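# Remarks on the overall topology
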Amino acid sequence: MNTDTTHTDTTYTPRPIAPDALKQLRDTDDAGRPCVPYVDAEGGDPLRCCLRPIAPGERVALVSYAPLRRWARETGAAPGAYDEQGPVFIHADPCEGPEGGRSGYPFSRAGALRTVRRYDGQGHIVGGRLMEIPEDAERGFDGVFAEAFADPEVALVHVRAVEYGCFLFEVRGEV
Ligand SMILES: [Zn+2]
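What you see is a predicted model; the values in this text were computed from it and never measured. (Residues numbered from 1 in each chain as written. Predicted model: local features only at pLDDT ≥ 70, side-chain atom pairs only at ≥ 80, totals over all residues.)

## What to know about helix 2 (residues 67-75)
The condition that has to hold: Exposure classes come from backbone-placed C-beta atoms, where a residue is buried if 20 or more other C-beta atoms lie within 10 Å of its own, exposed if 12 or fewer do, and partly exposed in between. Strands are runs of DSSP state E lasting at least two residues, helices are runs of H or I lasting at least four, and both sets are numbered from the N terminus onward. To obtain the arc, one takes the directions from the helix axis to the C-beta atoms.
Taken as a whole, helix 2 has its buried residues at P67, L68, R70 and W71. Projected down its long axis, helix 2 carries its buried residues within an arc of 165°, all on one side.

## So, the pairing of strand 8 (residues 154-161)
Threshold: Between any two strands, at least two bridges found by DSSP are needed for them to pair.
Buried residues dominate strand 8, accounting for six of its eight residues. As paired elements, strand 6 (residues 113-120) and strand 8 share seven bridges and run antiparallel to each other. Residue pairing in the sheet places R118 in a bridge with V157 of strand 8. In this sheet, strand 9 (residues 167-172) lies alongside strand 8 in antiparallel orientation, the contact comprising five bridges. Residue V159 lies in a different strand from strand 9, and its bridge partner there is F169.

## Looking at the sheet that holds strand 6
Basically, it comes down to this: Only the stretch in contact is used when fitting a helix axis, every axis being a line fitted to C-alpha atoms; angles between N-to-C directions are given from 0 to 180 degrees. Here the contact rule is simple: place C-beta atoms from the backbone, and any two residues whose C-beta atoms are within 7 Å are in contact.
Read across the sheet, four strands follow the order 7-6-8-9 without closing on themselves; strand pairing throughout is antiparallel. Strands with a single pairing partner mark the edges of an open sheet, and in this sheet they are strand 7 (125-132) and strand 9. For this sheet the average axis-to-axis angle between neighbouring strands, irrespective of direction, equals 20°. Where helix 3 (residues 137-149) meets the sheet, its contacts fall on strand 6, strand 7, strand 8 and strand 9, and the angle it forms with strand 8 comes to roughly 140°.

## A few points about the environment of H124
Relative to the elements of secondary structure, H124 occurs in the loop between strand 6 and strand 7. In this structure the C-alpha to C-alpha distance between H124 and Y82, which are 42 residues apart in sequence, comes to 6.1 Å. Leave out the neighbours within four places in its chain, and H124 touches P79, Y82 and Y119.

## Structural notes on the confidence of the model for the chain
Rules: Here pLDDT means the predictor's own confidence in every residue, given as a number from 0 to 100.
Taken over all residues, the pLDDT of the chain has a mean of 92, while the share at 70 or more is 93%. Low pLDDT, under 50, characterises residues 1-7; the predicted model gives this stretch 12 contacts beyond four residues in sequence or across chains.

## Quick word on the nonpolar core
Formally: Nonpolar cores are identified as sets of buried Ala, Val, Leu, Ile, Met, Phe, Trp, Tyr and Cys residues joined via C-beta atoms within 7 Å. Just so you know, the domain bounds were taken from an automatic or database domain assignment.
The biggest cluster of nonpolar side chains holds 34 residues, and the ones touching the most others in it are L47, Y65, V88, I90, F145, L156 and V157. Secondary structure elements with two or more residues in this core: helix 1 (19-25), strand 4 (58-65), helix 2, strand 5 (86-91), helix 3, strand 8 and strand 9. Two domains share this core, each providing at least three of its residues, namely domain 1 (7-91) and domain 2 (113-172). Not counting residues within four places of it along the chain, the set of residues in contact with V157 comprises V116, R117, R118, F145, A148, E170 and V171.

## Looking at helix 3
Spelled out, the test is: For a helix, the expected span equals 1.5 Å multiplied by the residue count minus one.
A rise of 1.5 Å per residue sets the reference length of helix 3, with its 13 residues, at 18 Å; its end C-alpha atoms lie 18 Å apart and thus fit the reference within 8%. Taken residue by residue, helix 3 has F141, V144, F145, A148 and F149 as its buried positions. Projection of helix 3 onto a plane perpendicular to its axis shows the buried side chains occupying an angular sector of 130°, all on one side. Seen from the open side of helix 3, the exposed residues pointing more than 90 degrees away from its buried face are R139 and A146. On its buried side, helix 3 packs onto strand 6, strand 7, strand 8 and strand 9.

Following this line, the structure appears as structure tokens:
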């Protein structure tokens, strides 16, 4: 459950939505709407709590999530107008989070397009990059994150799907 110790063999740790945030989102989401669970018969959409696709028949919910706002609350940053929220799938019931020992970055099908958006310590956008996931996805992500964190101003990055613009996971500077 502790996202800081989730073992991966990647250089940076892909962070799922934190357990305390999930608890709140399962009641009322970041847009103030009640959580509406349903059973997804088909599956396949990305779960931001467990960083894997929904398996057919799982009980899930689509909720509005404000990743930057929640990070800012922890750190005292003031993102101001950069704050935003968007739809994410989560398990509708308490879950274990990403599997321990899992390797690689989540949702990394080769050929998929990602935006890697950089934020500074105040939560202001300080650049970004469009990325087509290469065959060696792990190396591709490692390179893009290394490039982002080479700028000492960069405190965290958000990885988003290009077509839907939705937040997939975040990576923080290891300082
Ligand atoms: Zn989950």
